[in-house]
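# Report on the structure
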Amino acid sequence: MPTPTTDTRSTRPARHRPGLVLTALLFCQLMLVLDVTVVNIALPQIHDTLGFTSEGLAWVLNAYTVTFGGLLLLGGRAGDIVGRRRVFVTGVALFGVASLVGGLAPAPGWLLGARAVQGLGAALASPSALALISTNFAGGPERTRALGLWGAVSGSAATLGLIVGGVLTHVASWRWVLFINVPITVAVLVLTPLFVREAERSPGRFDLPGALTSTTGMGALAFGLINAASAGWGDRVTSIAIGVAVVSLALFALAESRAPQPITPLHLLRDPLRLRSYAAMLVVGASMGGMFYFLTQFLQEVLGFGPLQAGLAFLPVSLVLVVSAQRTAALLPKTGPAIPTAIGALAVTAGLLWLGRLDETSGYFPGVAVPLVLFGIGAGLIYVPSTVGATARVAATESGAASGMLNTTSQLGTALGLAALVTVAGTAARHAAAHPVAGLSAQAQAQHAAAYGFTRAFLAAAMLGVVLLVISLIGGFRPVRPTDRAY
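Now for a look at the structure at hand. (Residues numbered from 1 in each chain as written. Predicted model: local features only at pLDDT ≥ 70, side-chain atom pairs only at ≥ 80, totals over all residues. Heavy atoms only, no water.)

## Topic: the overall build of the protein chain
- What the protein chain contains, in helices and strands, is 18 helices and zero strands.
- By the compact-globule yardstick of 23 Å for 487 residues, the protein chain fits well, its C-alpha radius of gyration being 22 Å.
- By its C-alpha atoms, the protein chain is 75 × 55 × 45 Å across when sized along the principal axes.
- Per-residue burial over the protein chain gives 55% buried out of 487 residues.
- Residue pairs at least 24 apart in sequence account for 84% of intrachain contacts in the protein chain once pairs closer than 6 positions are excluded.
- Distance from the positive charge centre (29 side chains) to the negative charge centre (17 side chains) of the protein chain: 10 Å. (Helix = DSSP H or I, 4+ residues; strand = E, 2+ residues; numbered from the N terminus. Rg over C-alpha atoms; globule rule 2.2 N^0.38 Å. Buried < 20%, exposed > 50% of the residue type's maximum accessible area, 1.4 Å probe, protein only. Contact = heavy atoms within 4.5 Å. Lys, Arg positive; Asp, Glu negative; His and termini not counted. Charge placed at Lys NZ, Arg CZ, Asp CG, Glu CD.)

This is the structure in structure tokens:
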């Protein structure tokens, strides 16, 4: 592993307290990931208040996801060159201001613009936050614990977003799902200059061709995948977006192979441990994104839960995931990444298969609660090894790029999985509607068709768990070598 960055007066704050450093970085990550899902349950209120069309309402989510996923590689490399703490603070400030503007939005355009700027801020802040953990925590148990908490927060924030969104929407209004970010932003901006140590910069200039092609390619891919979820894979806009993405990403790979200082050094992908970590995050992002999306609808449309009930229903997965991630972080130096990832893949697959058995007569316990516990255990076992593997054996000057790639694979996995699983659910629901069950009322038949579509999507997502299991076994169960101990 490369030698950690040497502390200097220019890079180390006068007061360096690891607990406060980790608090600032984790609160930021919690806020950024939480905003992917926090508005989900508030969408009906947003629709009624601002007068969104049904098609436009989806972009309250997508405006954030597209800019976040499309700009992550650029954000990660910007931190390496300009300074990670500086880029981190800039991203957090942008995110906070955009949250305030979005919460005050008087019209749909204001809210969508604010959500897009939130995505830009998140793309700048998230990879720099992860890279700053390597700068501020020495290799060994200290960094293992920090990365374990990072994995726990990253994995549980999406479910926590559903809970927070349900509570705030029920108690106050949809505007508070954005206002809640403002005090968190202020706290992070106060703590960071005082306690977070800056990393050494990577000298040089921006790889402009790489920045343009990666941003265009990732943004077009995220847009195309999201549009496919609503308009279908045969839609002309979807085809154009995917075509632009393929061409742009091919040009990106060509540019990176020739650039003296690439925005994403391609040699990072030659490390088998890192490549498996990226692949694992891609697959778990796809399965988790689909699970949350469909289960939220199942609880409200089929079981009749209200927003607050639906949000609180996800509490078990959040609690279990945090405990699972911490246990995994403690065991990882002894077991290596393959064993916990394989066990996690089995737990995730079991949970999704269980959800695939739901129908309109199912109750919350055990039909929903037990699979959520299994999913939480599995996600905790997967997130920590993937986070550690992605940032292991990376030079200090390239940790931002490696972190950006990790976040990018997770975001794109969510978009890809959702697009594919929405197609599965829609096809299955239409099939069930075309073959009605004798004796059911129109409302009961509609619930039956919806439940059938959701469960087919859960079963398709379970196949992703099998793919994840194969990925975890590719490297074998070798002991961890000293050179692997980025943790």
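## Some thoughts on the pattern of salt bridges
- Under the criterion given, the structure shown has three salt bridges.
- R77 serves as the salt-bridge partner of D80, at 3.1 Å between the closest nitrogen and oxygen. Residue D80 and its partner R77 are located together in helix α4 (residues 59-82), separated by three residues, close to a single helical turn. Each member of the pair, D80 together with R77, is buried.
- We note a salt bridge from D80 to R84, for which the minimum N-O separation is 3.0 Å.
- Overlapping salt bridges bring together R77, D80 and R84 as one network. (Salt bridge = Lys/Arg side-chain N within 4 Å of Asp/Glu carboxyl O.)

## Some details on the nonpolar core
- If you look at the biggest cluster of nonpolar residues, it comprises 106 residues, and the most contacted ones within it are F88, M291, L295 and F314.
- With 13 residues, helix α12 (residues 272-302) is the single largest residue contributor to this core.
- Look past the residues within four positions of F314 in its chain and what remains in contact with it is T159, L162, I163, F292, L295, T296, L299 and L372.
- Core analysis: the second largest hydrophobic core is formed by 17 residues, V38, V39, L61 and V177 among them. (Core = buried A, V, L, I, M, F, W, Y, C linked by side-chain atoms within 4.5 Å.)

## Here's the deal with the layout of surface pockets
- In this structure, the second largest pocket encloses a volume near 230 Å³.
- Lining the second largest pocket are 14 residues; nearest its centre among them are Y278, L282, M405, T409 and L412.
- Broken down by secondary-structure element, the contributors of at least two residues to the lining of the second largest pocket are α10 (208-231), α12 and α17 (399-434).
- Grouping the amino acids of the lining of the second largest pocket by side-chain chemistry returns 12 nonpolar, two polar and no charged. (1 Å grid on protein atoms, 1.4 Å probe; cavity = no way out; pocket = protein on both sides within 12 Å on 5 of 7 lines; lining within 4 Å. Points joined across faces, edges and corners; volume = space filled by probe spheres on them. Nonpolar A, V, L, I, M, F, W, Y, C, P; charged D, E, K, R; others polar.)

## With respect to the packing of α12 against helix α18 (residues 442-473)
- At a closest axis distance of 9 Å, the pairing of α12 and α18 adopts a crossing angle of 165°. Considering the angle they form, α12 stands roughly antiparallel to α18. By crossing handedness, the relation of α12 to α18 is classed as left-handed.
- Broken down by class, the residue content of the contact of α12 with α18 amounts to 20 nonpolar, three polar and two charged. (Axes fitted to C-alpha atoms, helices over the stretch in contact; angles between N-to-C directions. Parallel < 35°, antiparallel > 145°, perpendicular 65-115°, else oblique. Left-handed = near helix turned anticlockwise from the far one by under 90°.)

## Section: the side chain of N227
- With respect to the helices and strands, N227 occurs in helix α10.
- Using a relative accessible area of 12% as the deciding quantity, one classes N227 as buried.
- When neighbours within four sequence positions are excluded, N227 is seen to be in contact with G232, D235, V237 and T238.

## As for the packing of aromatic side chains
- In this structure the tally under the stated criterion is eight aromatic pairs.
- With a centroid separation of 5.5 Å and 55° between ring planes, the pair formed by Y64 and F68 is classed as tilted. With Y64 and F68 both in helix α4 and four residues apart, the pair spans about one turn of that helix. Taken as a pair, Y64 and F68 share a single burial class, namely buried.
- The interplanar angle of 80° and the centroid separation of 5.8 Å between the aromatic rings of F292 and F314 together place this pair among those described as edge-to-face. Pair noted here: F292 is in helix α12 and F314 is in the loop between α13 (307-312) and α14 (315-335), with a separation of 22 residues, a long-range link. No difference in accessibility class separates F292 from F314, as the two residues are buried.
- Ring-pair connections join several aromatic residues into one group, and the members of that group are Y64, F68 and F95. (Phe/Tyr/Trp six-rings, centres within 6.5 Å; stacked < 30°, edge-to-face > 60°.)

## Let's talk about the environment of L73
- Residue position: L73 is located in helix α4.
- L73 gets classed as buried once you look at its relative accessible area, which sits at 3%.
- Excluding anything up to four places from it in sequence, L73 contacts S214, M218, F252, I263, T264, G404, M405 and T408.

## Some remarks on the environment of L319
- Assignment of secondary structure puts L319 in helix α14.
- Along the sequence, L319 and E256 sit 63 residues apart, while their C-alpha atoms lie 41 Å from each other.

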